[in-house]
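Here is what each chain is made of, one letter per residue.
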Amino acid sequence: MNIKHDKENVLKIGLGLFCNKGYNSLGIDEICKVTGMTKGAFYNAFKSKEQFLIEAILLYAKNNVNRIKTQLQPNKTQTAYERLLQFYIEMLDIQPKVGFMGCFINNIMSELGAANDKVGLASTQAFDEFIDAIEPTVLEAQQNNELKADLNAKEITQLLHATFYGSLTRAKSSKNHQQSIDTMQLLFKNLKSNKNE
């Protein structure tokens, strides 16, 4: 019997599997078992486990860019600086609730980024899309004299997000997210503009 599978739903299930097991520990048999796909249907839809991962990365990036833009959207109760800091603190604060799963892109970059050119390129592209989504809020904070203006907005955004990824890896390893929150708060404090003091 040929069952038509919703590709996006299968990819979402795959994201959960990759987050929990990593790439190398996850086999196609398990993907098929959990998604309900036959091997034939899997290979027809995705061609390979590598292609399945790349498509999962693209879906994750698209969904997270939308989430980032929504979360960082200007509002009347918070400054750009406050929205940025809250954005990072909330992502670290959720880690104990999700078993210190980390971030899918950060995990894949760590596991495969240097070993697989296609996956490295896809995960780097996702990271760059996150930077592009966060940068306007950094620029807003600079224009409001909340963040230093001696670095350009993209440099600050890359520094923030790369530090977040390192902090996330540390939290995942130590099972202590408070150290990571302290690191991000210290970075924000050091990037704060002196004009408001």
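Reading the values: the criteria
- Residues numbered from 1 in each chain as written.
- Predicted model: local features only at pLDDT ≥ 70, side-chain atom pairs only at ≥ 80, totals over all residues.
- Heavy atoms only, no water.
- Helix = DSSP H or I, 4+ residues; strand = E, 2+ residues; numbered from the N terminus.
- Contact = heavy atoms within 4.5 Å.
- Areas by Shrake-Rupley, 256 points an atom, 1.4 Å probe, with all protein chains shown as cover.
- Lys, Arg positive; Asp, Glu negative; His and termini not counted.
- Charge placed at Lys NZ, Arg CZ, Asp CG, Glu CD.
- Core = buried A, V, L, I, M, F, W, Y, C linked by side-chain atoms within 4.5 Å.
- Buried < 20%, exposed > 50% of the residue type's maximum accessible area, 1.4 Å probe, protein only.
- Phe/Tyr/Trp six-rings, centres within 6.5 Å; stacked < 30°, edge-to-face > 60°.

A few points about the overall build of the protein
(1) Moving on: The number of helices and strands found in the protein is nine helices and zero strands.
(2) Moving on: Counting only C-alpha atoms, the protein reaches 70 × 30 × 30 Å along its principal axes.
(3) Moving on: Sequence-distant contacts in the protein: of pairs separated by 6 or more residues, those separated by 24 or more amount to 67%.
(4) Moving on: With the model as given, the accessible surface of the protein reaches about 10500 Å², and the carbon-plus-sulfur share is 51%.
(5) Moving on: Across the protein, the centroid of the 23 positively charged side chains sits 5 Å from that of the 21 negatively charged ones.

Some points on the nonpolar core
Among soluble globular proteins, nonpolar side chains are generally buried collectively.
(1) Moving on: Judged by nonpolar contacts, the single largest core of 61 residues is most densely connected at Leu53, Ile57, Tyr88, Phe104, Ile105 and Phe130.
(2) Moving on: Each residue touching phenylalanine 130, except ones within four places of it in the same chain, is listed here: Tyr60, Ala61, Asn64, Val65, Ile68, Ile105, His161 and Tyr165.

Things to note about the packing of aromatic side chains
(1) Moving on: Summed over all chains, the structure comprises 15 aromatic pairs.
(2) Moving on: Judged by centre distance (5.7 Å) and plane angle (45°), the rings of phenylalanine 18 and phenylalanine 52 are tilted. Taken as a pair, phenylalanine 18 in helix α1 (residues 7-21) and phenylalanine 52 in helix α4 (residues 49-71) lie far apart in primary sequence, 34 residues in all.
(3) Moving on: Residue class for phenylalanine 52 comes out buried when judged on its relative accessible area of 0%.
(4) Moving on: Ring plane angle 85° and centroid distance 5.6 Å describe the contact between phenylalanine 42 and tyrosine 43, whose orientation is recorded as edge-to-face.
(5) Moving on: Residue classification places tyrosine 43 among the partly exposed positions, given a relative accessible area of 37%.
(6) Moving on: Ring pairing ties together the aromatic residues Phe18, Tyr23, Phe42, Tyr43, Phe46, Phe52, Tyr60, Phe104 and Phe130, which thus form one cluster.

A closer look at the side chain of arginine 83
(1) Moving on: Along the chain, the position of arginine 83 falls in helix α5 (residues 80-93).
(2) Moving on: Residues contacting arginine 83, with those up to four places away along its chain left out, are Leu72, Gln73, Pro74, Asn75, Gln78, Thr137 and Glu140.

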